[in-house]
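These are the residues of each chain, in order.
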Amino acid sequence: RRGRLGREGRASLCSFLLGASVAALPLLLGSSPALLAAPGLRGRLALALHVAGGNAALLLIYPRPLYKIAVRACFLGFAFGCGLLLSAGRSAWRHFGWYMCSLSLFHYSEYLVTAINNPRSLSLDSFLLNHSFEYNLAALSSWVEFTLEKLFFPELKQITWLSTVGLLMVIFGDCLRKAAMLTAGSNFNHIVQNEKSDTHTLVTSGVYGWFRHPSYVGWFYWSIGTQVLLCNPICVVGYALASWRFFRERIEEEEITLIHFFGEEYLEYKRKVPSGLPFIKGVKLEL
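Residues numbered from 1 in each chain as written. Predicted model: local features only at pLDDT ≥ 70, side-chain atom pairs only at ≥ 80, totals over all residues. Heavy atoms only, no water.

Next up on the list: the overall build of the chain. From N to C terminus, the chain includes 10 helices and 0 strands. Overall, the chain shows an N-to-C arrangement of helices and strands of α-α-α-α-α-α-α-α-α-α. The C-alpha atoms of the chain give a radius of gyration of 21 Å, which matches the 19 Å a tight globule of 287 residues would have. For the chain, the spread of C-alpha atoms along the principal axes amounts to about 70 × 45 × 30 Å. For the chain, the proportion of its 287 residues judged to be buried stands at 48%. Accessible surface computed for the chain: about 15000 Å², of which carbon and sulfur atoms make up 66%. Each charge class in the chain was averaged separately, 27 positive and 19 negative side chains, and the resulting centres sit 10 Å apart. (Helix = DSSP H or I, 4+ residues; strand = E, 2+ residues; numbered from the N terminus. Rg over C-alpha atoms; globule rule 2.2 N^0.38 Å. Buried < 20%, exposed > 50% of the residue type's maximum accessible area, 1.4 Å probe, protein only. Areas by Shrake-Rupley, 256 points an atom, 1.4 Å probe, with all protein chains shown as cover. Lys, Arg positive; Asp, Glu negative; His and termini not counted. Charge placed at Lys NZ, Arg CZ, Asp CG, Glu CD.)

See the structure below:
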């Protein structure tokens, strides 16, 4: 039921918090919050034990189907907690810590909001961890660029005001996307639907009164914001171009389906409300 967490959602939330509890290790060890950036084996050993202990606990608590959910949520929580640890330090990796928090929270919240909003469509794919080969390649490229530029141009990674702008873009984009998911309710699905269900309605209120595709607008600016946050000039351009092309094609595909579902009602909505993405007008089709 919408608005209530089922057992999958509860298992994911508990597991995410278990993973994120890694951020409390400095308190337990009596060491600096910058645990990951500090030299020495003590902190590394503590992280390894946390991972092993958390995984063992999940194996004991959850049966196989729930374990698959729990281990992914725990991994994202662990990445979030490690991001907090990096963010607490003053090293060149501090902004990468912001990025880790942003990335892990984005993927986990995709699952959690789906569990609350549209549990019938909930699956392991709702984490969006296996979104596409291109998405994973883009993420890897951004990590490589950050690392290389940190080694050869370390001052480039210390532009705090620029990283702050990127963080604000990330927060705005993710909040807009989640608002779109919550507003659409059971009408929202990570997969474009080719058949209209009995409960499928055209949503035009809330953030859908601002943009026709607010979830895509949010994701577009979130993705670019992650690279501004990292001060990755190459990936900022690459992400902007790749994301724009992806969403242009996705919007055209989706709007053909929406016109088929709702006919003149959607065409009227399309005339009044912009797509929200620059230079993307959507499919050019009239009944």
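Attention shifts here to unusual backbone geometry. At Leu 128, a position not held by glycine, the phi torsion is positive, near 60°. Looking at the secondary structure, you find Leu 128 in the loop between α5 (94-117) and α6 (133-152). For Leu 128, a relative accessible area of 7% translates into the label buried. In this structure, Cys 231 is a non-glycine residue whose phi angle is positive, near 55°. Structurally, the position occupied by Cys 231 is in the loop between α8 (214-229) and α9 (233-262).

It is worth spelling out the pattern of salt bridges at this point. Under the defined criterion, the tally for this structure stands at 9 salt bridges. The salt bridge partner of Glu 110 is Lys 178, with a shortest N-O separation of 2.9 Å. In this pair, Glu 110 is assigned in helix α5 and Lys 178 in helix α7 (residues 160-184), connecting sequence segments 68 residues apart. For the pair Glu 110 and Lys 178, one class covers both residues: buried. Arg 271 serves as the salt-bridge partner of Glu 264, at 2.6 Å between the closest nitrogen and oxygen. On the accessibility criterion, Arg 271 (49% relative accessible area) is partly exposed. The structure contains a network of salt bridges with shared partners spanning Glu 110, Asp 174, Arg 177 and Lys 178. (Salt bridge = Lys/Arg side-chain N within 4 Å of Asp/Glu carboxyl O.)

The feature "transmembrane region" (unreviewed entry), as annotated in UniProt, sits at residues 47-62, 69-90 and 219-242 in this numbering. Split by type, residues 69-90 is 86% helix and 0% strand. Its first and last C-alpha atoms lie 34 Å apart. Counted over residues 219-242, helix gives 88% and strand 0%. Its end C-alpha atoms are 12 Å apart. (UniProt positions renumbered as here; feature names shortened; annotations may be inferred.)

Along an α-helix, residues three or four apart share an orientation, since each turn contains 3.6 residues. Across its 25 residues, α7 extends 36 Å between first and last C-alpha, which sits within 8% of the 36 Å expected from 1.5 Å per residue. The complete set of buried residues in α7 reads Ser 163, Gly 166, Val 170, Gly 173, Asp 174, Leu 176, Arg 177, Lys 178, Ala 180, Met 181 and Ala 184. On its buried side, α7 packs onto α5 and α8. Backbone geometry just after α7 places Gly 185 at a positive phi near 65°. (Expected span 1.5 Å × (residues − 1). Contact = heavy atoms within 4.5 Å.)

Each assigned domain of the chain is listed with its residue range as follows: domain 1 (1-127) and domain 2 (131-282). Relative placement of domain 1 and domain 2: their C-alpha centres are 24 Å apart. Taken together, the contacts link 21 residues of domain 1 with 30 residues of domain 2. Between domain 1 and domain 2, a total of about 2300 Å² is buried, with carbon and sulfur atoms accounting for 63% of that surface. At the surface where domain 1 touches domain 2, the tally comes to 2 salt bridges. Across the pair Arg 177 and Glu 110 runs a salt bridge, and its minimum N-O distance is 2.7 Å. Across the domain 1-domain 2 interface, the total number found is 12 residue pairs in polar contact (both at pLDDT 80 or more). Of the residues in the side of domain 1 that touches domain 2, the class split is 8 nonpolar, 10 polar and 3 charged. (Domains from an automatic or database assignment. Buried area = accessible area lost by both parts, 1.4 Å probe. Polar contact = N/O pair within 3.5 Å; in protein donor to acceptor, adjacent residues only side chain to side chain. Nonpolar A, V, L, I, M, F, W, Y, C, P; charged D, E, K, R; others polar.)

Turning our eyes to something else, we now look at the packing of α6 against α9. Between α6 and α9, the shortest axis-to-axis distance is 9 Å and the interhelical angle comes to 160°. Judged by the inter-axis angle, α6 sits roughly antiparallel to α9. Crossing geometry of α6 relative to α9 is assigned as right-handed. Residues Ala 138, Ala 139, Ser 141, Ser 142, Glu 145 and Glu 149 of α6 lie in contact with α9, whose contacting residues are Pro 233, Ile 234, Cys 235 and Tyr 239. Partitioning the contact of α6 with α9 into residue classes produces 6 nonpolar, 2 polar and 2 charged. (Axes fitted to C-alpha atoms, helices over the stretch in contact; angles between N-to-C directions. Parallel < 35°, antiparallel > 145°, perpendicular 65-115°, else oblique. Left-handed = near helix turned anticlockwise from the far one by under 90°.)

Relative to the assigned elements, Lys 270 resides in helix α10 (residues 264-272). No salt bridge forms around the buried Lys 270; measuring N to O, its nearest opposite-charge neighbour Glu 255 is 4.2 Å away. A polar contact of 3.1 Å, which involves the side chain of Lys 270, links it to the backbone oxygen of Val 283. Discounting chain neighbours no more than four positions away, the residues touching Lys 270 are Arg 212, Glu 255, Lys 281, Gly 282 and Val 283.

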